[in-house]
Amino acid sequence: MRLVHESADGDTRTLATDVERADSLLQKVKGLMGKSSLPEGYALVFDFGRTSYRDVHMLFVRTPLDVIWLLDDEVVQVKTLQPWRGTGVAKADRFVELPGGAADGVEPGDRVYLDGDG
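What you see is a predicted model; the values in this text were computed from it and never measured.

On to the pattern of salt bridges, then. Applying the stated criterion across every chain yields a total of five salt bridges. One salt bridge connects Asp 47 with Arg 94, and the closest N-O pair in it is separated by 2.9 Å. Of the two residues, Asp 47 is situated in strand S4 (residues 42-57) and Arg 94 in strand S7 (residues 87-99); the sequence distance between them amounts to 47 residues. For Asp 47, a relative accessible area of 31% puts it in the partly exposed group. Of the charged contacts, one joins Arg 94 and Asp 73 as a salt bridge, the two residues approaching to 3.7 Å between their closest N and O atoms.

This part takes up the pairing of strand S1 (residues 2-6). Strand direction decides the pairing type here: S1 and strand S8 (residues 111-115), joined by five bridges, are antiparallel. Each bridged residue has a counterpart across the sheet, and for Glu 6 the counterpart in S8 is Arg 111. Examined bridge by bridge, S1 and strand S2 (residues 12-16) share four bridges and lie antiparallel to one another. From the neighbouring strand, Glu 6 faces S2, where its bridge partner is Thr 12. Count of turn residues in the S1/S2 antiparallel hairpin: five residues, of which Gly 10 carries a positive phi of about 95°.

A few words on the environment of Glu 6. Along the polypeptide, Glu 6 turns up in strand S1. Residue classification places Glu 6 among the partly exposed residues on the basis of a relative accessible area of 23%. A C-alpha to C-alpha distance of 5.0 Å links Glu 6 and Arg 111, two positions 105 residues apart in sequence. Ignoring anything within four residues of it in the chain, the contact list for Glu 6 reads Asp 11, Thr 12, Asp 110, Arg 111 and Tyr 113.

The phi dihedral of Phe 60 falls on the positive side, at around 70°, and the residue is not glycine. When you line up the elements, Phe 60 lands in the loop between S4 and strand S5 (65-71). In the Ramachandran plot, Asp 73 falls in the positive-phi region, its phi being about 70° despite a non-glycine side chain. Mapped onto the secondary structure, Asp 73 falls in the loop between S5 and strand S6 (74-81). For Asp 73, a relative accessible area of 23% corresponds to the partly exposed category.

On to a nonpolar patch on the surface, then. A cluster of nonpolar side chains, contributed by Leu 59, Phe 60 and Trp 84, occupies part of the molecular surface with about 320 Å² of accessible area. By relative accessible area, Phe 60 is classed as partly exposed at 44%.

Looking now at the packing of aromatic side chains. Evaluation of the coordinates by the stated rule reveals four aromatic pairs. Considering the side-chain rings of Phe 60 and Trp 84, the 5.1 Å spacing of their centres and the 65° angle between planes classify their relative orientation as edge-to-face. With Phe 60 in the loop between S4 and S5 and Trp 84 in the loop between S6 and S7, this pair connects stretches of sequence that are 24 residues apart. Among the aromatic residues, those joined into a cluster by ring pairs are Phe 46, Phe 48, Trp 69 and Phe 95. One Lys or Arg, Arg 54, reaches over the ring of Phe 48 and ends 4.0 Å from the middle of that ring.

What counts and how
- Residues numbered from 1 in each chain as written.
- Predicted model: local features only at pLDDT ≥ 70, side-chain atom pairs only at ≥ 80, totals over all residues.
- Heavy atoms only, no water.
- Salt bridge = Lys/Arg side-chain N within 4 Å of Asp/Glu carboxyl O.
- Helix = DSSP H or I, 4+ residues; strand = E, 2+ residues; numbered from the N terminus.
- Buried < 20%, exposed > 50% of the residue type's maximum accessible area, 1.4 Å probe, protein only.
- Pairing = 2+ DSSP bridges.
- Contact = heavy atoms within 4.5 Å.
- Patch = residues over 30% accessible without salt bridge, like charges linked within 9 Å, V, L, I, M, F, W, Y side chains within 5 Å.
- Areas by Shrake-Rupley, 256 points an atom, 1.4 Å probe, with all protein chains shown as cover.
- Phe/Tyr/Trp six-rings, centres within 6.5 Å; stacked < 30°, edge-to-face > 60°.
- Lys NZ or Arg CZ within 6 Å of the ring centre and 35° of its normal.

Take a look at the structure:
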């Protein structure tokens, strides 16, 4: 499975090939807390199945993250969050955490989706 970015002009690129899902409540609460680094090509996907305001905090996260909030695979917000002090919130049904800088060029209105999702 890979995470794909499709820009508004139709160009596509792979954001991540090492994709994990935060499926359980514990995984969603823990997220990437305690991680001091992330491998290139990594993404953690939080799928909620319904739309609501989704917040992300960086407490106990030791590396910068790019977070992409999605609503039906459309990018709502993209934000780079700094270790220990970053926060963000947006209305979404899914968000993705990536290593800092991995979401460069991803803009609201673009599409980000899982290819090979099954």
